Amino acid sequence: MFAARFNLFTLLGFRVVIDVTWFFLAFYLVVTLASRYFPGVVPHQNSYMYVVMGIAGAAGLFLSIVLHEMAHAYTARRFDLPVGDITLFIFGGVAEIRQEPQTPRAEFWVALMGPVASVGLAALFYALMVESGPAHPAASGVFSFLALANTMLALFNLAPAFPLDGGRILRSLIWWRTGNLRRATRISAAGGSVFGAFLVVTGLLQLVNGNMMGGTWLLLIGLFVAAAASQARGITNAAENLRGVRVDDLMERNPVTVAPDLTVERLVRDTIYPQNRKFVVVTEASRAFGFIGPEQIRRVPESQWSETYVRAITEPFTFGTVVSPTATAFEALRKLQANSCRHLAVLEGTTLLGTVSETDFLNYVTLREELALPKKVAAREPATSER
Ligand SMILES: [Zn+2]
């Protein structure tokens, strides 16, 4: 989804990135605000003024979304969770928190602070609207739109539907009360499915009524929420089947490694294609320090493959891309779902023991079923809590 991105600026140490799909949303917003919304709420302005108001409204909304995501990112960092970029895309924004919160308390606060920021912004824009008053109708109109938009943003995100903020708050509360993350995820993901379906139906009704852009957008966002909810449920169900399984039970033990002084051309020609591997680990003097996946290769144009070295495109390992051989399969699965390359390196110190992908999980579960082996039941884990 994040194919082409542009770095915008860095604030409080967080990089803000725009995905190309965001320009569709920005364009649609400016056109709708300038041609329909503002002429309705602030009449008797010239069309030039409406365009300026449209741009100001879209820019203000963009800033509001950045601040909402910034509040999540900042709170996550306070709880020592690794945070990546803040990306703006067609459905709004997302702060890439590379690790799931380890406690209900962390999940609660990280999720809550986004809507809190939006409510604060709504109050601020409302005050600005009152301040600018009837003397400056254009400015007042833009501020009233931004107060309304931030209120809607807070309300929408507070829907008790995982993975929206409200769903995460609900999950953290159930998790806190019951100590059972799996059950909490199942309940809040059910909320996500219902809310996703509701948005899809609303979008379809809008389409029937001739609102093509708005209807399509609602439809897509509904599908997006429903898909994320079903993925969360999938992880929870997999966790049931994987109880007691450790990473070294199912990892791929013959990982492909390459040296950093290889060219990208030879990497693709001699390793990626013949071995049909999407994920290679870069090692030097038997020390594993990073990896290369499709995303890293795509960053270099094919014409430059012969003069670019593996070292230059190696992605250094982070907490979210490595896992210990003794970690639970559930922990590995959660990390896998959160990272974009869909592989983890299994490391002991800096020594590479293997790799794990979703395919390894599938193979493991399938094999146990085909051999008619019972599910592994753990003595090392209590039944109601996985950590
Ligand atoms: Zn949020």
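Residues numbered from 1 in each chain as written. Predicted model: local features only at pLDDT ≥ 70, side-chain atom pairs only at ≥ 80, totals over all residues. Heavy atoms only, no water.

Some remarks on the sheet that holds strand β2 (residues 14-19)
With mixed pairing, the 4 strands of this open sheet are ordered in space as β1-β2-β3-β4. Every other strand in the sheet has two partners, leaving β1 (5-11) and β4 (92-97) as the edge strands with one partner each. Adjacent strand axes in the sheet meet at a mean angle of 25 degrees when their direction is disregarded. In terms of strand pairing, strand β3 (residues 83-89) meets β4 through 5 bridges, oriented antiparallel. Bridge pairing in β4 places I86 opposite A95. (Pairing = 2+ DSSP bridges. Helix = DSSP H or I, 4+ residues; strand = E, 2+ residues; numbered from the N terminus. Axes fitted to C-alpha atoms, helices over the stretch in contact; angles between N-to-C directions.)

So, the coordination of the zinc ion
Coordination of the zinc ion by the protein is provided by H68 (NE2), H72 (NE2), D165 (OD) and D165 (OD), with metal-donor distances spanning 2.0 to 2.7 Å. Considering all 4 donor atoms around the zinc ion, angles at the metal cover 53 to 152 degrees and the coordination shape is irregular. Considered as a linear motif, the donors of the zinc ion on their single chain read H-x3-H-x92-D. Here D165 lies in helix α5 (residues 165-178) and H72 lies in helix α2 (residues 47-78), a separation of 93 residues in the sequence. By relative accessible area, H72 is classed as buried at 6%. (Donors = N, O, S within 2.8 Å, 3.2 Å for Na, K, Ca; no water. Tetrahedral: all angles 85-135°; square planar, octahedral: opposite > 155°, others 65-115°. Buried < 20%, exposed > 50% of the residue type's maximum accessible area, 1.4 Å probe, protein only.)

Here's the deal with the domain arrangement of the protein
Looking at the assigned domains, one finds that the protein contains domain 1 (5-241) and domain 2 (247-363). Taken together, the contacts link 11 residues of domain 1 with 8 residues of domain 2. Buried surface at the junction of domain 1 and domain 2, both sides included, amounts to about 920 Å², of which 65% is carbon and sulfur. Counting across the interface, domain 1 meets domain 2 through 0 residue pairs in polar contact (both at pLDDT 80 or more). When residues in the side of domain 1 that touches domain 2 are grouped by element, the largest group, 4 residues, is from helix α7 (residues 212-241). (Domains from an automatic or database assignment. Contact = heavy atoms within 4.5 Å. Buried area = accessible area lost by both parts, 1.4 Å probe. Polar contact = N/O pair within 3.5 Å; in protein donor to acceptor, adjacent residues only side chain to side chain.)

Details of the environment of F27
Looking at the secondary structure, you find F27 in helix α1 (residues 21-41). The sequence separation of F27 and W176 amounts to 149 residues, and the corresponding C-alpha distance is 43 Å.

Some details on the sheet that holds strand β8 (residues 315-316)
Hydrogen bonds along the backbone pair up the strands of a sheet, which may run parallel or antiparallel. With respect to topology, 4 strands assemble into an open sheet ordered β5-β6-β7-β8, the strand pairing being mixed. The two strands at the open ends of the sheet, each matched to only one other strand, are β5 (257-258) and β8. Here strand β7 (residues 287-292) runs beside β8; their pairing, made up of 2 bridges, is antiparallel. For G290, the partnering residue across the bridge sits in β8 and is P316. The sheet strands contacting helix α9 (residues 264-275) are β5, β6 (280-284) and β7, and the helix crosses β6 at an angle near 115 degrees.

Observations regarding the nonpolar core
Counting residues in each nonpolar core, the largest one holds 36 residues, and the members touching the most others are W22, F38, M53, I86 and L88. Sorting the residues of this core by element identifies β2, α1, α2, β3, α3 (104-132) and α4 (137-157) as the ones contributing at least two each. For this core, the element with the most residues is α2, which contributes 10 residues. Look past the residues within four positions of W22 in its chain and what remains in contact with it is F62, L88, F89, I90 and G92. The next biggest cluster of nonpolar side chains, apart from the first, holds 22 residues, and it includes V245, L250, V356 and F361. (Core = buried A, V, L, I, M, F, W, Y, C linked by side-chain atoms within 4.5 Å.)

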